[in-house]
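# An overview of the molecular structure
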Amino acid sequence: PATENQSAASGTAAESSQAPAGGGEPYRIGALVSITGGASVLGAPQRNTLEMLQDEIDAAGGVKGLDGNLHPVEVIIYDTESEETKAVLAAKKLIEKPHVSIILGPSTSGESLAVLDTVQKAGIPLISMASSKLIVQPVEDRKWIFKVGPNDSLTVRNALEWLKEEGHTKVAWLSINTAYGDSGKMELEALAPQYGIEIVASERVDTGDTDMTAQLTKIRGTDAQALMIYSILPEVAIGTKNQYDLGMDLPVYAMGGADHPKFVELAGPQAAEGARNTAAKLRYVEQLADDDPQKPVLKAYNEQYEAAFGTRTDMFGAHAYDALKIALAAMEKVGPDRAAIRDELETTGFVGCSGVFNWSTADHAGMAPESMVRIQVVDGQWQMVQP
């Protein structure tokens, strides 16, 4: 099969399409995706996007290789079930058999950090779809690792700029107790002094928590002027709802994975109203200037996804789109050799759906700051707002 949806635990596979009859050997690309489990809100659109692009590749007869022949592409997807140990197990399977040339994912920062050692030792390039800058830094220790998710430093810096413009000098922080949350907190602590902002409270919540009242009650007792919540769904929405129920009259910066219609649904329209975030441009393409270099790419992806699945996609699916497109571009130039692909990735200049990327020997993230926009919940839905 050209695309397989496999459980990292069971290894079962379901055929979803047939590889095209190309003249060359197949190019195999692995993908580690959180299709089920706590991060499924990320993984489901990523799985859909990869399958959609697999169909596109099949229809074209494959991709042209160095030998001038069309090569069928097999995108082999493993469901990590949102668990780090299963992500490592799945990575090992992809590396050994079917011996893929490159791995896309995992979906989350924790899973991405968990597979680094396995990938580095095997000498196989990986394009993570997560955000923590620790995934790719320090570069000298992450030779084989790249990523398309925005650096948490970029997200936090954009939020701090907004806080400063609104005159807030004291903030409270509530983050998920994962590698992603810890990385965000580290960035906040490093960057806040540059903006004259004091962190007056810092609390954590665990994955799966359904009530954050205890942590927020502590924050309510401080002189915080704004609340920053740093997590994926559903926790970021639960925190937003809980602070509203407590009557906390603070502007909420709902960061991380809040850029999704489910945020308003889960938090409730009253609690979500006014929430702020910085996000990729995908869901706001209609509001972009016509000369924005990402606009035609974003429009095409939105239309293709909606035609395939009957619904609009989100920034998480965009990460999968960019990762696969970048991998294919490299393989078209250098073939399936793992080391050659790694070297080619360091020359990547790509206008994608997640952002504009310029990777180099010194930067394996390379997303331009202007790739992100400010958004706010207005009248019950996220909308792009001008600085």
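Predicted model only: the values in this text are computed from it and were never measured.

### Observations concerning the packing of aromatic side chains
Taken as a whole and judged by the stated rule, the model has nine aromatic pairs. Arranged with centres 4.7 Å apart and planes meeting at 45°, the rings of tyrosine 305 and phenylalanine 309 form a pair that is tilted. Here the residue tyrosine 305 and the residue phenylalanine 309 both occupy positions in helix α10 (residues 295–309), the gap between them amounting to four residues, near one helical turn. Taking relative accessible area as the criterion, tyrosine 305 reaches 3% and is therefore assigned buried. The class for phenylalanine 309 is partly exposed, based on a relative accessible area of 34%. Every member of this aromatic cluster is reached through a ring pair, and the members are Tyr301, Tyr305, Phe309 and Tyr321. The ring of tyrosine 253 has arginine 276 sitting right over it, with the charged end atom 5.6 Å from the ring centre.

### Considering the nonpolar core
If you look at the biggest cluster of nonpolar residues, it comprises 101 residues, and the most contacted ones within it are Ile127 and Phe263. In terms of residue count, helix α11 (residues 315–334) provides more of this core than any other element does, twelve residues in total. Setting aside chain neighbours within four positions, we find isoleucine 127 in contact with Ile102, Ile103, Leu104, Gly105, Phe146, Lys147, Val148, Ala323, Ile326, Ala327, Leu345 and Trp359. Grouped together as the second largest cluster of nonpolar side chains are 22 residues, Ile76, Ala90, Leu94 and Ile103 included.

### Section: the pattern of salt bridges
What the rule picks out here adds up to 18 salt bridges. A salt bridge links glutamate 83 to lysine 86, with the shortest nitrogen-to-oxygen separation between them at 3.8 Å. Residue classification places glutamate 83 among the partly exposed residues on the basis of a relative accessible area of 34%. The closest approach of N and O atoms between aspartate 292 and lysine 281, which form a salt bridge, is 2.7 Å.

### Re the side chain of aspartate 259
Structurally, aspartate 259 can be placed in the loop between β12 (252–256) and α8 (261–267). Looking at aspartate 259, the relative accessible area reads 1%, which means it is buried. Polar side-chain contacts of aspartate 259 include one of 2.5 Å to the side chain of tyrosine 284. Beyond its immediate chain neighbours, meaning those up to four positions away, aspartate 259 contacts Asn277, Ala279, Ala280, Arg283, Tyr284, Met315, Ile375 and Trp382.

### Considering the packing of helix α1 (residues 40–59) against α10
Two elements in contact, α1 and α10, have axes whose closest approach is 11 Å; the angle formed by their N-to-C orientations is 95°. The angle between α1 and α10 falls in the class roughly perpendicular. Counted together, Pro45, Asn48, Thr49, Met52, Leu53 and Glu56 of α1 and Tyr301, Gln304, Tyr305, Ala308 and Phe309 of α10 form the full contact between these two elements.

### Focus on helix α4 (residues 152–165)
Along its 14 residues, α4 runs 20 Å from first to last C-alpha, staying within 8% of the 20 Å computed at 1.5 Å per residue. The buried fraction of α4 amounts to ten of the 14 residues, a majority that puts the element mostly inside the structure. Within α4, the full set of buried residues consists of Asp152, Ser153, Leu154, Thr155, Val156, Asn158, Ala159, Leu160, Trp162 and Leu163. In the stretch just after α4, glycine 167 is the one whose phi turns positive, near 85°.

### Let's talk about the environment of isoleucine 145
Following the sequence through the fold, isoleucine 145 ends up in strand β8 (residues 145–147). Expressed as a C-alpha distance, the spacing of isoleucine 145 and glycine 123, which sit 22 residues apart in the sequence, is 9.9 Å. Setting aside residues no more than four positions away along its own chain, isoleucine 145 makes contact with Leu116, Val119, Gln120, Leu126, Ile135, Val136 and His364.

### Examining α11
Since the α-helix packs 3.6 residues into each turn, any two residues three or four apart lie on the same face. With 20 residues, α11 should cover 28 Å at 1.5 Å per step; its first-to-last C-alpha distance of 29 Å lies within 8% of that length. In terms of residue burial, α11 counts as a mostly covered element, since 15 of its 20 residues are buried. Where α11 begins, the side chain of aspartate 314 points an oxygen toward the backbone nitrogen of phenylalanine 316, at a separation of 3.0 Å. Immediately beyond the C-terminal end of α11, within one or two residues, lies glycine 335, with a positive phi of roughly 85°.

Definitions and cut-offs
Residues numbered from 1 in each chain as written. Predicted model: local features only at pLDDT ≥ 70, side-chain atom pairs only at ≥ 80, totals over all residues. Heavy atoms only, no water. Phe/Tyr/Trp six-rings, centres within 6.5 Å; stacked < 30°, edge-to-face > 60°. Helix = DSSP H or I, 4+ residues; strand = E, 2+ residues; numbered from the N terminus. Buried < 20%, exposed > 50% of the residue type's maximum accessible area, 1.4 Å probe, protein only. Lys NZ or Arg CZ within 6 Å of the ring centre and 35° of its normal. Core = buried A, V, L, I, M, F, W, Y, C linked by side-chain atoms within 4.5 Å. Contact = heavy atoms within 4.5 Å. Salt bridge = Lys/Arg side-chain N within 4 Å of Asp/Glu carboxyl O. Polar contact = N/O pair within 3.5 Å; in protein donor to acceptor, adjacent residues only side chain to side chain. Axes fitted to C-alpha atoms, helices over the stretch in contact; angles between N-to-C directions. Parallel < 35°, antiparallel > 145°, perpendicular 65-115°, else oblique. Expected span 1.5 Å × (residues − 1).

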